Amino acid sequence: MLDDATAAGETGELAGGDDGQKPLCESEQLTPSSRFLQAELELNAHLRQLTFSEPVRYIYNPLEYAWDTHRCYVERYCQAGLKILFLGMNPGPFGMAQTGVPFGEVRSVVDWLKITGEVGHPPDEHPKRQITGLACTQREVSGARFWGFFRKLCGEPARFFQHCFVHNLCPLIFMSASGKNLTPPELPIGEREKLLALCDIAMCQVVKALGVSMVIGIGRVAEQRARRALTAASVSVRVEGIMHPSPRNPKANKGWEDEAKAKLTELGVISLLTNM
């Protein structure tokens, strides 16, 4: 198990490692997308050293087997001048786990975001949770709600991504022996904290690299984690939150779009995206 001191070092930054993926060259790191991808490559290297016990049986990392589509998403939409980072917690089994895109419901990813690329497979795959990539026919409700809302609001992706980007704090998806999805709060506490300590550091690096002025947690857990990590790292950025669009959330099922629109109007995000 990697300890926090080894992971973070004295400066609170992730050190690079031999992660099996080609590092980005120095000139490329001048762009926001290259800095973003480099932070993810470094995080991947450290996450490989972690181990997890019951109830975790399967671990997927789409930043490895779906790196092709993920990189397409980042290089296309992560650009200079971003003001807002929407932050989710970790991938869903029929969203980012399949597509490499946060909240990546397949139809939104293919039809609206126009993401292309090859998606491989995790080394140890649950027979009931197989990765079919952009050919996945299972609908991810959270992703359909999230991207569907911004599609209706913005019309074209360029309008949204001129000011906003979407990222997940943790890139890993966890499953039990039965294939049940396990969220980070359901992991054994010691293992969870080692995992999230690494993810917190990478998230702070991303926020600084993008230069955003606001982080909006999608769901209370992501909001609280972002506020704690960014405050501890002395990163000066406003942290807010919106309701998670998950179908497991009864309030979201009663009208997530209305709730999200009201909160984003209050935060000034709606006017930012519509007054162009």
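Residues numbered from 1 in each chain as written. Predicted model: local features only at pLDDT ≥ 70, side-chain atom pairs only at ≥ 80, totals over all residues. Heavy atoms only, no water.

J.: Can you lay out the side chain of Arg192 for me, pointing to particular residues and giving the numbers?
T.: Positionally, Arg192 belongs in helix H9 (residues 189-210). A relative accessible area of 17% means that Arg192 is categorised as buried. When near neighbours in sequence (up to four residues on either side) are disregarded, Arg192 contacts Pro184, Pro185 and Leu187. (Helix = DSSP H or I, 4+ residues; strand = E, 2+ residues; numbered from the N terminus. Buried < 20%, exposed > 50% of the residue type's maximum accessible area, 1.4 Å probe, protein only. Contact = heavy atoms within 4.5 Å.)

J.: Kindly report on H9, identifying the contributing residues and their values.
T.: If you check H9, its first and last C-alpha atoms are 31 Å apart, about what 22 residues at 1.5 Å a residue would give, namely 32 Å. Taking burial as the measure, the 22 residues of H9 include 17 buried ones, the bulk of the element. In the stretch just after H9, Gly211 is the one whose phi turns positive, near 70°. (Expected span 1.5 Å × (residues − 1).)

J.: Give a detailed account of the sheet that holds strand S4 (residues 173-175), specifying residues and quantitative values.
T.: If you trace the 3 strands from one edge of the open sheet to the other, you get S1-S4-S5, paired in antiparallel fashion. The open sheet has two edge strands, strand S1 (58-60) and strand S5 (181-182), and neither has a second partner. Here S4 pairs with S5 via 2 bridges, running antiparallel. By the bridge assignment, Met175 is partnered in S5 with Asn181. (Pairing = 2+ DSSP bridges.)

J.: Tell me what's going on with the packing of helix H2 (residues 32-47) against helix H4 (residues 67-77), and back it up with residues and numbers.
T.: How two helices pack is summed up by the angle between their axes together with the distance between the axes. Relative to each other, H2 and H4 sit at 145°, their axes nearing to 9 Å. With respect to the hand of their crossing, H2 and H4 are arranged in right-handed fashion. When H2 is examined against H4, the residues Ser33, Phe36, Leu37, Glu40 and Leu41 are found in contact with a partner set consisting of Trp67, His70, Arg71, Val74 and Glu75. (Axes fitted to C-alpha atoms, helices over the stretch in contact; angles between N-to-C directions. Left-handed = near helix turned anticlockwise from the far one by under 90°.)

J.: So what's going on with the pattern of salt bridges? Residues and values would help.
T.: Enumeration according to the criterion identifies 13 salt bridges in this entry. In this structure, Arg228 and Glu193 form a salt bridge, with 4.0 Å as the shortest nitrogen-oxygen distance. Separated by 35 residues along the polypeptide, Arg228 in helix H10 (residues 220-232) and Glu193 in helix H9 bring together distant segments of the chain. For Arg228, a relative accessible area of 53% corresponds to the exposed category. For Glu193, a relative accessible area of 25% corresponds to the partly exposed category. One salt bridge in this structure joins Arg225 and Asp200, with 2.8 Å as the shortest N-O distance. (Salt bridge = Lys/Arg side-chain N within 4 Å of Asp/Glu carboxyl O.)

J.: How would you sum up the confidence of the model for the protein chain? Please name residues and give values.
T.: The predicted model of the protein chain has a mean per-residue pLDDT of 91, with 89% of residues at 70 or higher. Confidence drops under a pLDDT of 50 for residues 1-11, and excluding neighbours within four residues, the segment shows 22 contacts in the predicted structure. Considering only residues more than four positions removed or in separate chains, one finds that residues 22-29, a stretch of pLDDT under 50, has 12 contacts. (pLDDT = per-residue confidence, 0-100.)

J.: If you had to explain the nonpolar core to someone new, which residues and values would you point to?
T.: Counting residues in each nonpolar core, the largest one holds 77 residues, and the members touching the most others are Phe86, Phe160 and Leu195. Ranked by the residues each element gives to this core, the list is headed by H9, at 10 residues. What Phe86 contacts, discounting residues up to four positions off in sequence, is Phe146, Phe150, Phe160, Cys164, Phe165, Val166, His167, Ile216, Ile218, Ile242, Leu264 and Val269. In this structure, Tyr58, Ala66, Ala97 and Ile131 belong to the second largest nonpolar core, which totals 9 residues. (Core = buried A, V, L, I, M, F, W, Y, C linked by side-chain atoms within 4.5 Å.)

J.: Residue-level account of the environment of Arg225, with values.
T.: Tracing the backbone shows Arg225 in helix H10. Accessibility expressed as a relative area gives 9% for Arg225, which makes it buried. With 25 residues separating them along the chain, Arg225 and Asp200 place their C-alpha atoms 7.8 Å apart. Apart from residues lying up to four places away in sequence, Arg225 is in contact with Leu169, Glu193, Leu196, Ala197 and Asp200. A polar contact is formed between the side chain of Arg225 and the side chain of Glu193, at a distance of 3.5 Å. (Polar contact = N/O pair within 3.5 Å; in protein donor to acceptor, adjacent residues only side chain to side chain.)

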